[in-house]
Amino acid sequence: MNPDKVKELLFSAGYPKWRCEQTEKAVYSGGFSSFSQIKVLPSEIRELLDSKLAVLSFEPVKVFSSQKGDSHKAALKLKDKRIIETALLYRDLRRWSVCLSTQAGCPVRCSFCYSGKEGLKRNLSWEEIADQALFWKSYLKDNNLGEIQSVVYMGMGEPFLNYENTAASIKVINDKLGIGKRHISISTCGHIPGIRRFAKDFPQINLAISLHSARNEERDKLVPMNVRYPLEQLSKAVRDYIDSAKRKVFIEYIMIAGLNDKSSDAGKLAEWIKNTHENKYFTVNLIAYNETGKSYKASPVEKMQNFQKLLLIRGIEATIRKSLGSEIKGACGQLALEK
Ligand code: SAH
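It should be emphasised that the depicted structure is a prediction, and the values quoted were computed from it without experimental measurement. (Residues numbered from 1 in each chain as written. Predicted model: local features only at pLDDT ≥ 70, side-chain atom pairs only at ≥ 80, totals over all residues. Heavy atoms only, no water.)

### Looking at the pairing of strand E8 (residues 184-188)
- The element E8 is largely enclosed, with a buried count of five among its five residues.
- Inspection of the sheet shows strand E7 (residues 147-153) paired to E8 by three bridges, in the parallel sense. Directly across from valine 151, in E8, lies its bridge partner isoleucine 184.
- Read from E7 through helix H5 (residues 163-175) to E8, the crossover connection turns out right-handed.
- Strand direction decides the pairing type here: E8 and strand E9 (residues 206-210), joined by four bridges, are parallel. By the bridge assignment for E9, serine 185 is matched with asparagine 206.
- Running through helix H6 (residues 192-201), the crossover from E8 to the neighbouring parallel element E9 is right-handed. (Buried < 20%, exposed > 50% of the residue type's maximum accessible area, 1.4 Å probe, protein only. Helix = DSSP H or I, 4+ residues; strand = E, 2+ residues; numbered from the N terminus. Pairing = 2+ DSSP bridges. Right-handed = clockwise from strand over helix to strand, strands pointing away.)

Encoded structure:
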């Protein structure tokens, strides 16, 4: 929902401001798929709103759920008929993490990722981004599953290539959906102008960098954005971010067998971190590679554990992240423009 359009419509029909606030509050509390269901509003307002506007800026087509029920993926049909995906992942104690897409497709074309396989179709509007979180809020409410604990911008697309809409959606998710800033995380493949802007605009929001390799030759191939913004420049941008935001950065590192999982790769990563800032400002998340139909294979568990150990003995916090959602193709790098 776009609250500005609600205001415009209700004002022009002569309704007072508090009716807009009432509508907004009801919608963002979740559980409504049309205005007609908001019984606190008089029927003529409900009819007017339904005749011109929609609660959600897309039409949910289907929800896929894992057997255990700990991960869900929704296919959403946009106004222009394109279908994007968003995910809901279980954390603990009936609390969930929502994973948002910022673009239909992605222009970055990381070699291991499915989301960018067909390139970029278009940027999502801030309404389309924020509504994904609203959709899941309603889903949790309708199915009595609990509530949203955190929001991660780790779905389809590169958020910093759609900066304005991403930024506007963060504001809605924080102000209207009530998700605390420290529970919102943005992940970038290393778009430096975006990182610099973000440091100024959102110092309290978590930043994750999809690094995947600390060698330029290799990272150029894995994450083509590296050609434009190589590791030395990225290191400087991350250092400046830490100095200004005074916050920890999360390094995402997917582990691909025989490619970036050697002991020397861990050494390289530790060196990149050391050259960037003090170890205490970093957490490395080692992520098992999810198969996406490429020739890559996931690293064996022992390799991941060894890699983790090599970081830990150098004093770098490192966790192995179990990826939820692969069973429904809703894990990292698997969200795509479904047909
Ligand atoms: N474009 C942003 C936001 C997407 S986040 C970024 O790159 O950070 C999605 C995360 O999933 C990124 O860290 C991405 O590198 C990772 N990813 C992509 N494909 C994957 C795969 N096949 N297996 C595991 N992680 C993958």
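### Description of the side chain of serine 169
- Note that serine 169 resides in helix H5.
- Of the polar contacts made by the side chain of serine 169, one reaches the side chain of tyrosine 153; its length is 2.8 Å.
- Ignoring sequence-local partners within four residues, the contact set of serine 169 consists of Trp126, Ile129, Ala130 and Tyr153. (Polar contact = N/O pair within 3.5 Å; in protein donor to acceptor, adjacent residues only side chain to side chain. Contact = heavy atoms within 4.5 Å.)

### Structural notes on the pattern of salt bridges
- Here the structure, examined in full by the defined rule, presents 18 salt bridges.
- The partner of lysine 68 in a salt bridge is aspartate 70, and the shortest N-O contact between them spans 3.7 Å.
- Since its relative accessible area comes to 15%, aspartate 70 is described here as buried.
- Two residues, arginine 82 and aspartate 80, come together in a salt bridge whose shortest N-O distance is 3.2 Å.
- We classify arginine 82 as partly exposed; its relative accessible area is 31%.
- Taken together, the shared-partner salt bridges in this structure form one network comprising Asp80, Arg82, Arg122 and Glu128. (Salt bridge = Lys/Arg side-chain N within 4 Å of Asp/Glu carboxyl O.)

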